[in-house]
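Structural characterization, general
As a plain string of letters, each chain reads:
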Amino acid sequence: MFSAGLVLTIIGCADRVAIDATVPATDPSAEWARAVEKIARPDGIDVDALRASADSLNRYLAWAGEHGQHTDGWRESKEDKRIAFLINVHNAAVLHNLLRHNLPESPDAVAVGWYRWPGAGFYWGSKYRVDSEWSAIRHTGFHDTVSRYQEPLLWVALHDGTKDSAPLRWWRSKNLQKRLQSAMRAHINSERGMQKVDESWTVNPLFLARADDFVFWTDAEDVCDWMAGYASGERKEWLTERIGSCDLTAAIPDRRTDAWTANPGAASP
């Protein structure tokens, strides 16, 4: 068993990431949203656009560190606003962490202090200030967003910087549920969501790793039932046939950094 002292030592070894920007007087979200539209591509993160937008990214994270639902007293009726804020801050922190680690081959290769197992340093060992509190990237995404709101659609919005993720995008709070549904539909019906192998299909590892979320928080009989609601064509037919047994196989994980560049020779990964 871990001793209390060792646990505190591990927690203390996490990086509290300093943002190279003063807190803007006004909300820079619109500026950063425009930058995300240039950075996000169907083939991955445009690393050249990301580097060019570093100042905008820093301003957004500096602002988000001192603003949010608790600091600014957002009412309970502003649920979509709170969710969109958390998603966008999570994704911005992922991009910032990729930049400060010089676009690693994979986020899983980043080690920080005691956080040396795959993914630990990048997602748990890197803390960003969010809404006046320090929070690990994973905590912001998993605990504060998905677990709090118990909505499995949110998994499609959290970009983890790898090729297994659904494409990066900026999330607006207006009609958020419809946007999430549309994104999940596009993800499941893409190669990243489901891949045909001979006469069968493999599914993105997310759907098996988080299988309970897709069932316990919904009326679905199993993951196949839930996915079939968003699938179309061959994918939908194949999933529907497996409702009840749901013998899914995960695709081989692709944990490479989701980087794209017009100048391959200049890319770091």
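These numbers come from a predicted model, not from an experiment.

The next thing to look at is the sheet that holds strand 1 (residues 15-16). Pairing in this open sheet of three strands is mixed, and the strands run 1-4-5 from one edge to the other. On the outer flanks of this sheet lie strand 1 and strand 5 (133-136), each paired with one strand and no other. Running at roughly 70° to strand 4 (residues 126-130), helix 4 (residues 54-65) makes contact with strand 4 and strand 5 of the sheet. Packed on one face of the sheet, helix 7 (residues 137-149) meets strand 4 and strand 5 and runs near 85° to strand 5.

Counted under the stated rule, the structure contains 13 salt bridges. Its salt-bridge partner being Lys-163, residue Asp-258 comes within 3.7 Å of it at the nearest N-O pair. Of this pair, Asp-258 sits in the loop between helix 12 (233-241) and strand 8 (259-260) while Lys-163 sits in the loop between helix 7 and helix 8 (176-188), and the two are 95 residues apart along the sequence. Taking the shortest distance from any N to any O, the salt bridge between Arg-235 and Glu-191 comes out at 3.7 Å. Placement of Arg-235 in helix 12 and of Glu-191 in the loop between helix 8 and strand 6 (194-197) is noted, with a sequence separation of 44 residues between them.

Evaluated as defined, the whole model comprises one disulfide. Paired through a disulfide, Cys-224 and Cys-246 show a sulfur-sulfur distance of 2.3 Å. Between Cys-224 and Cys-246, the S-S torsion sits near 95°, and that sign places the bridge as right-handed. Here Cys-224, found in helix 11 (residues 223-228), pairs with Cys-246, found in the loop between helix 12 and strand 8; they are 22 residues apart in sequence, far enough to count as distant.

Looking now at empty space enclosed by the protein. Throughout the structure, instances matching the rule amount to one cavity of 30 Å³ or more. In this structure, the largest cavity occupies an estimated 40 Å³ of space. Lining the largest cavity we find Trp-32, Val-36, Asn-88, Asn-91, Ala-92, Leu-95, Leu-168, Arg-169 and Trp-170. Listed by contribution, the elements that provide at least two residues to the lining of the largest cavity are helix 2 (29-39) and helix 5 (79-100). Of the residues forming the lining of the largest cavity, the biggest block, four residues, is contributed by helix 5. The residue makeup of the lining of the largest cavity, split by class, is six nonpolar, two polar and one charged.

Right, let's get into the sheet that holds strand 8. Spatially, three strands are ordered 2-3-8 in an open sheet, and the strand pairing comes out mixed. In this open sheet, the two edge strands, each paired with only one partner strand, are strand 2 (40-41) and strand 8. As defined by bridge partners, strand 2 adjoins strand 3 (residues 44-46) across two bridges and the pair is classed as antiparallel. By the bridge assignment, Arg-41 is partnered in strand 3 with Gly-44.

A separate point is the packing of helix 5 against helix 7. For any two helices packed against each other, one specifies the crossing angle of their axes together with the interaxial distance. At a minimum axis separation of 9 Å, helix 5 and helix 7 run at an interaxial angle of 160°. It follows that helix 5 is roughly antiparallel to helix 7 by the angle criterion. Between helix 5 and helix 7 lies a crossing whose hand is left-handed. In contact with Glu-79, Arg-82, Ile-83, Leu-86, Ile-87, His-90, Ala-93, Val-94 and Asn-97 of helix 5, helix 7 contributes Ile-137, Thr-140, Gly-141, Asp-144, Thr-145, Arg-148 and Tyr-149. Per-class residue counts for the contact of helix 5 with helix 7 are seven nonpolar, five polar and four charged.

Three or more residues of helix 2 are buried, namely Ser-29, Trp-32, Ala-33, Ala-35, Val-36 and Ile-39. Axial view of helix 2: buried residues confined to an arc of 160°, hence all on one face. Away from the buried face of helix 2 by more than 90 degrees, exposed residues Arg-34, Glu-37 and Lys-38 are located. Packed against the buried residues of helix 2 are strand 2, strand 3, helix 3 (47-52), helix 4 and helix 5.

For the rest of this paragraph, the subject is the packing of helix 4 against helix 5. Helix 5 packs onto helix 4 with a crossing angle of 130° between their chain directions and a minimal axis gap of 10 Å. The orientation of helix 4 relative to helix 5 falls into the category oblique. Once helix 4 is placed against helix 5, the crossing between them reads as left-handed. Every residue of helix 5 that contacts helix 4 at Ala-54, Leu-57, Asn-58, Tyr-60, Leu-61, Trp-63 and Ala-64 is listed here: Phe-85, Asn-88, Val-89, Ala-92, Ala-93, Leu-95, His-96 and Leu-99. Of the residues that constitute the contact of helix 4 with helix 5, the class distribution is 12 nonpolar, three polar and no charged.

Let us look at the packing of aromatic side chains. Following the criterion strictly, the structure yields 10 aromatic pairs and no others. Aromatic side chains Trp-32 and Tyr-60 sit 6.3 Å apart centroid to centroid with 20° between the ring planes, which places their arrangement in the stacked category. Within this pair, whereas Trp-32 is found in helix 2, its partner Tyr-60 is found in helix 4, the two being separated by 28 residues in sequence. Accessibility assignment for this pair places Trp-32 and Tyr-60 in one class, buried. Arranged with centres 4.8 Å apart and planes meeting at 40°, the rings of Trp-226 and Tyr-230 form a pair that is tilted. What makes Trp-226 buried here is its relative accessible area of 8%. When its relative accessible area of 13% is taken as the criterion, Tyr-230 is described as buried. Through a chain of ring-to-ring contacts, the aromatic side chains of Phe-207, Phe-214, Trp-226 and Tyr-230 assemble into a single cluster. When the ring centre of Trp-260 is taken as reference, the NZ or CZ atom of Arg-41 above it lies at 3.7 Å. Stacked on the ring of Tyr-123, the Lys or Arg Arg-138 has its end atom at 3.8 Å from the ring centre.

The rules behind the values
- Residue positions are counted from 1 within each chain, in the order its sequence is given.
- With the structure being a predicted model, the display of local features is reserved for residues of pLDDT at least 70 and the display and counting of side-chain atom pairs for 80 or more, all residues being used for whole-chain, interface and lining totals.
- Excluding hydrogens and water, the side-chain values take into account all heavy atoms of the structure.
- For two strands to be treated as a pair, DSSP must find no fewer than two bridges joining them.
- Strands here are runs of E lasting at least two residues and helices are runs of H or I lasting at least four, both read from the DSSP assignment and numbered beginning at the N terminus.
- We call two residues in contact when some of their heavy atoms are within 4.5 Å.
- Note on geometry: axes are lines fitted to C-alpha atoms, helical ones only across the stretch in contact, with angles between N-to-C directions running from 0 to 180 degrees.
- Whenever a carboxyl oxygen of Asp or Glu lies within 4 Å of a side-chain nitrogen of Lys or Arg, that contact is scored as a salt bridge.
- Note that a disulfide, as used here, is simply two cysteine sulfur atoms within 2.5 Å.
- A cavity here means a set of points on a 1 Å grid, drawn over the protein atoms and nothing else, where a 1.4 Å probe fits but cannot get out; a pocket is an open set with protein on both sides within 12 Å along at least five of seven lines, and a residue lines either one if it has an atom within 4 Å of a point.
- Grid points are joined across faces, edges and corners, and a volume is the space filled by probe spheres set on the points.
- Each residue is assigned to one of three groups, with Ala, Val, Leu, Ile, Met, Phe, Trp, Tyr, Cys and Pro labelled nonpolar, Asp, Glu, Lys and Arg labelled charged, and all others, Gly among them, labelled polar.
- Roughly parallel means an angle under 35 degrees; roughly antiparallel means over 145; roughly perpendicular covers 65 to 115; every other angle is labelled oblique.
- By convention the crossing between two helices is left-handed if the near helix lies anticlockwise of the far one by an angle smaller than a right angle, and right-handed if it lies clockwise.
- Burial classification: accessible surface area is computed with a 1.4 Å probe over protein chains only, and a residue below 20% of its type maximum counts as buried, one above 50% as exposed, and the rest as partly exposed.
- What the arc covers is the set of directions going from the helix axis to the C-beta atoms.
- Here is the rule: rings of Phe, Tyr and Trp (six-membered ring for Trp) pair when centre to centre is within 6.5 Å. Planes less than 30 degrees apart are stacked, more than 60 are edge-to-face, and the remainder are tilted.
- Charge-over-ring contacts are defined here by two conditions on Lys NZ or Arg CZ: a distance within 6 Å of the ring centre and an angle within 35 degrees of the ring normal.

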